[in-house]
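Commentary on secondary and tertiary structure
Listed here are the chains, written in short residue letters.
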Amino acid sequence: MALDRRRVQTAVIGHAESEDPVVLPMEAIELDSFRERHTGQSYWCGVWLGGCGHQLTTKLYTDRSCHFAHLPDPGGTSACGRKAAGVASADHLYIKHGVLKWLAEQDIAATATIARDADGSINGEVLFTPRGHAGLTVVLASASGSVPAGADASQLVLGPGMTHDPHVLVEQGYVNRIQCVPDGTRRRVQVGTQRRDGTQWFDLSECALTPSGLSTPAVEEIRHLRTSRRPIGVRPPRTASATARPLAAAVDVVAHDMQPSQDRMAVMAALDDAVAAARSVTEIRRWLNRAEAALRSGATAQENDLMRRAGDLLLRLERGVGAPTPREPNLLERTALKTVERLLRELDRHKGRGFQTIAPRQRRQLIHASEQAGQWLTDQQRSKVASLQQAPSGSVPVPRDPQRKPVPTSRTPASDPADAGSFDTAGLADAVRDVLEHAARLGKTVTFSSLCAQVKGLAELPQSRQVYVLRRVTPTAASRSPRPQRPALLTALITNEEGTMHPLYRRLADLAGHHLPQQPNSAWADTVNVIHDRYRSR
């Protein structure tokens, strides 16, 4: 029974149980050289390749790829399943020999086992047991294509096509991989370290087996960043001037008998809170920078530990895998921040006109707004607020609130609902837009009750004012089409509890000139699809 149709590129040399693999060149001119180098040797469909154990021969072609083929089997006992097995089908054997040789070069005695299923098939795992070290498991393939459950991430090395656990990339900072690359008629083993920005490959000679597992130059860099600490003590000045020498004793006292200032304690407390709550990258970096500035004269062991934890968390968040969604200022904080900016701007303008005092009402507003804005104030704003709190009180022109429109003197009712009371229309509209755009990027809709829960103050408004706010919700994503199009209303994403169009949308559409038909479901669904398409992959 001839099996010449079963074409494979890999075999073992010597006998069926051999673990000495070889790759057959595909070009005819290379095959001639291959035969000369292996004169007198036999090739087998090895059982450690998952083959049938029968002998192979080389097939030379000039019009197609050269390959191994089974010799005729007169007894008909062969039942080989290695059809069209490519050059990578023997990689587990190359990896076994390569890693064992590499460990021996480090004076580490080790054994290796190729895992086999109950039916004798090879499942793509090689288990290494180095003496004096934890085991090492190479997983080239699995039935699910993912990492086996319960496997120790520090002892795992994955093949190029294996799906890694995203939590490992976040917690450990890297995932080690392994591959074989062509090296003449053999294959050379390489180890890669996968980070969020890609995989960097190294030859085995550049790697080492450490108590923490398989290590590459990239792994050493990651571990150094995660374990580095700021030195305790004083940074020496670049130049020592004569006038600075008398202060040396005072600096030494600060370094060894440190009494943190109130500002320093507040900065470290804010950093500790940001780390504990796993806040956004921007917020953690802001407090980390302020902490570094506050600790220039030296740090305690507890402060160094907090700085290390903050740096470690920042490193993990910047990789972005499994990281929490960065927190943005809420409506109250945004409104307070705008109030602080407005008051500071007005007071700077009055100061330029010669007024050096601050009205009591302005002082109260500024203190209250700065407390509500909290961490979102810049250092410059915080410094101005502190100085204005100490400024003398007096009678100065009261800055006019630009958001409040003058009340009409006519007895005719105002047509604008915002004139009937004081509420932050722009802030509410921005908050609604943020919620709806987030849902649009996820391809989802938002119920009106959920929207009110996320946008504080919207539920308390009467419906006329809710409509007034929603009319001012403008999307930030433009149409993908180059032709001018009527803008799709972002508020189409607001639905009932059942997920259908909310009644408010018909009124909003009419006010915007989008007149819906009597049965608006199809037109509304088309608008939702348009919005989702505009925000997809942005």
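Below: a short report on this structure. Keep in mind the model is a prediction, meaning the values are calculated, not measured.

Some thoughts on the sheet that holds strand β4 (residues 55-59)
Strand order in this open sheet of five strands is β2-β1-β3-β4-β5, and the pairing throughout is antiparallel. Every other strand in the sheet has two partners, leaving β2 (21-23) and β5 (67-70) as the edge strands with one partner each. As paired elements, strand β3 (residues 43-44) and β4 share two bridges and run antiparallel to each other. When the bridges of β4 are listed, W44 appears paired with Q55. Sitting on the sheet, helix α1 (residues 28-37) touches β2, β3, β4 and β5, and the angle it makes with β4 is about 135°. Along the sheet, helix α2 (residues 91-105) makes contact with β1 (10-13) and β2, crossing β2 at roughly 125°.

Things to note about the pattern of salt bridges
Close approach of charged atoms allows side chains of opposite charge to pair. This model, assessed by the stated rule, comprises 12 salt bridges. Here R188 ties to D203 by a salt bridge, and the two come within 3.3 Å at their closest N and O atoms. Of this pair, R188 sits in strand β11 (residues 186-195) while D203 sits in strand β12 (residues 198-203); the two residues are 15 residues apart in sequence, bridging distant segments of the chain. Using a relative accessible area of 32% as the deciding quantity, one classes R188 as partly exposed. The class for D203 is partly exposed, based on a relative accessible area of 26%. A salt bridge links R433 to D434, with the nearest nitrogen and oxygen atoms 3.6 Å apart. Several salt bridges converge on common partners, so that one network encompasses D272, D305, R308 and R309.

Brief notes about the nonpolar core
Among soluble globular proteins, nonpolar side chains are generally buried collectively. V432, L436, L451, V455, L458, Y505 and I531 are the most contacted members of the largest nonpolar core, which has 36 residues in total. For this core, the secondary-structure elements that each account for two or more residues are α12 (425-441), α13 (448-454), α14 (463-470), α15 (503-511) and α16 (521-535). No other element matches the eight residues that α12 contributes to this core. Of all hydrophobic cores here, the second largest spans 30 residues; its members include L49, L93, C180 and L214.

Thoughts on helix α10 (residues 360-373)
Given a rise of 1.5 Å per residue, 14 residues ought to cover 20 Å, and the 20 Å separating the end C-alpha atoms of α10 matches this to within 8%. Residues Q362, R363, L366, A369, S370 and A373 constitute the buried set of α10. End-on view of α10: buried residues confined to an arc of 140°, all on one side of the axis. Facing away from the buried side of α10 by more than 90 degrees, the exposed set consists of R364 and E371. Two residues or fewer after α10 comes G374, characterised by a positive phi angle close to 55°.

Quick look at the pairing of β12
When β11 meets β12, the two strands line up antiparallel, connected through six bridges. Note that in β12 the partner of Q190 across the bridge is D203. Once β11 ends, the chain turns through two residues before running back antiparallel as β12.

With respect to the environment of F128
Along the chain, F128 falls in strand β7 (residues 122-130). Along the sequence, F128 and I114 sit 14 residues apart, while their C-alpha atoms lie 8.9 Å from each other. Each residue touching F128, except ones within four places of it in the same chain, is listed here: I95, K96, V99, L100, T111, A112, G135, L136 and V138.

Thoughts on the packing of α12 against α16
What describes two packed helices is the angle between their axes and the distance between those same axes. Relative orientation of the contacting elements α12 and α16 amounts to 85°, with a least axis distance of 8 Å. Relative to α16, α12 is oriented roughly perpendicular. Residues E437, A440 and R441 of α12 form the contact with α16, whose own contacting residues are I531, H532 and Y535. Grouping the amino acids of the contact of α12 with α16 by side-chain chemistry returns three nonpolar, one polar and two charged.

The rules behind the values
Residues numbered from 1 in each chain as written. Predicted model: local features only at pLDDT ≥ 70, side-chain atom pairs only at ≥ 80, totals over all residues. Heavy atoms only, no water. Pairing = 2+ DSSP bridges. Helix = DSSP H or I, 4+ residues; strand = E, 2+ residues; numbered from the N terminus. Contact = heavy atoms within 4.5 Å. Axes fitted to C-alpha atoms, helices over the stretch in contact; angles between N-to-C directions. Salt bridge = Lys/Arg side-chain N within 4 Å of Asp/Glu carboxyl O. Buried < 20%, exposed > 50% of the residue type's maximum accessible area, 1.4 Å probe, protein only. Core = buried A, V, L, I, M, F, W, Y, C linked by side-chain atoms within 4.5 Å. Expected span 1.5 Å × (residues − 1). Arc of directions from axis to C-beta. Parallel < 35°, antiparallel > 145°, perpendicular 65-115°, else oblique. Nonpolar A, V, L, I, M, F, W, Y, C, P; charged D, E, K, R; others polar.

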